[in-house]
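Listed here are the chains, written in short residue letters.
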Amino acid sequence: MQLKQARQLGTSHMDVYPINNGVIQKSLQDEYTKKHYTVTNGLNKYLYNVAIYEYLDKNGFKPHNGHGYYRCSDNSSSGDFVNDKYTFQYHESVYGYAGHEVIAFGAVGYSVLNEYVISNQANIKKYIDILEKGELPIAGIGVYPKSLTEIRGIVLHLPYHGVAYKDKINFQYINDELSSKIKQLIDAEMVVEHEDRIALTKLGWYNYVNLLYFLSPESEQDALMKYVRNANVYNEYISNLDF
């Protein structure tokens, strides 16, 4: 019913994705506890996504990334499952190829510049004070290997946007581990390889979040899981999460 009402607004775009207890506000978590609601398991989230796609597809919306839909009457010009008639530039920068960068303004902002991650001062008062002194409100600078930048096209752009064009990827950084993962996905019919690109199938698109994790190097997988464990605000719920 909510999808029908949203569609009837005439909007050109819709984003549909589940939230978990690591990102919701505490007031919502308290309401869930009060009403004895349980965490939605992974299988139900998957099935909801299947149902959402079928409904929106029949009503003139095509996916343009893992969770976003674009109202259009025709299919992708490339013939790929994920439609290429629209892309959100911010997501192209965040989940893009090597050289796609994000410059953040404001307190708590994070800039990503190739092999550098620059964090802004989190305290808004300190942020303003530093700016008024004519200085940069930088709280910290992190550096990571160039290899992680160069594989972004496969690790991020492919699962999130549904395609990775080969001429935008430096394949000397695609090691045996990542090559093996790509082959596994081809064999599982989650991705298909063309002469100029690698693209998600419908099955691959349904599993794009899992592919973001699967395609990441082991070191990044470990870092991500450590972040999930440490950043989970409501750790009493962590054992109930089903990723």
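In case you missed it, the structure is sitting above this.
About the cut-offs
Residues numbered from 1 in each chain as written. Predicted model: local features only at pLDDT ≥ 70, side-chain atom pairs only at ≥ 80, totals over all residues. Heavy atoms only, no water. Axes fitted to C-alpha atoms, helices over the stretch in contact; angles between N-to-C directions. Helix = DSSP H or I, 4+ residues; strand = E, 2+ residues; numbered from the N terminus. Parallel < 35°, antiparallel > 145°, perpendicular 65-115°, else oblique. Contact = heavy atoms within 4.5 Å. Nonpolar A, V, L, I, M, F, W, Y, C, P; charged D, E, K, R; others polar. Pairing = 2+ DSSP bridges. Phe/Tyr/Trp six-rings, centres within 6.5 Å; stacked < 30°, edge-to-face > 60°. Buried < 20%, exposed > 50% of the residue type's maximum accessible area, 1.4 Å probe, protein only. Lys NZ or Arg CZ within 6 Å of the ring centre and 35° of its normal.

> Mind showing me how you'd approach the packing of helix 7 (residues 152-161) against helix 10 (residues 208-215) here?
Between helix 7 and helix 10, whose axes approach to 9 Å, the crossing angle comes to 175 degrees. When the axis of helix 7 is compared with that of helix 10, the two are roughly antiparallel. For the pair helix 7 and helix 10, the contacting residues are I154, V155, L156, L158, P159 and Y160 in the first and Y208, L211, L212 and L215 in the second. By residue class, the composition of the contact of helix 7 with helix 10 is 10 nonpolar, no polar and no charged.

> I tried to follow the pairing of strand 3 (residues 68-71) on my own but got confused; where do I start?
Consecutive side chains along a regular strand alternate between the two faces of the sheet. Sheet topology places strand 1 (residues 13-15) next to strand 3; three bridges connect them, and they run antiparallel. Considered in strand 3, the bridge of H13 is made with Y70.

> What is the right way to look at the sheet that holds strand 2 (residues 61-63) in this model?
Adjacent strands of a sheet pair through backbone hydrogen bonds, lying either parallel or antiparallel. Reading across from one edge, 1-3-2 is the order of the three strands in this open sheet, with antiparallel pairing throughout. Two strands close off the open sheet at either side, each with one partner strand: strand 1 and strand 2. Put simply, the sheet's adjacent strands are angled 30 degrees from each other on average, direction ignored. Examined bridge by bridge, strand 2 and strand 3 share three bridges and lie antiparallel to one another. Its bridge partner lying in strand 3, K62 is registered against Y70.

> Honestly, the packing of aromatic side chains in this entry has me stumped. Any pointers?
With the rule as written, the count across this model stands at 12 aromatic pairs. Judged by centre distance (6.2 Å) and plane angle (90 degrees), the ring pair of Y53 and Y206 falls under edge-to-face. One end of the pair, Y53, is in helix 3 (residues 42-58); the other, Y206, is in helix 9 (residues 202-206), with 153 residues separating them in the sequence. Classification of Y206 as buried rests on a relative accessible area of 12%. When the centroid spacing of 5.4 Å and the interplanar angle of 50 degrees are considered together, the rings of W205 and Y206 count as tilted. For the residue pair W205 and Y206, the accessibility class agrees, reading buried in each case. Connected via pairs of aromatic rings, a cluster forms that spans Y46, Y53, Y69, F81, W205 and Y206. The positively charged end of K181 is found above the aromatic ring belonging to F214, 5.5 Å away from the centroid.

Geometry only, nothing functional implied.
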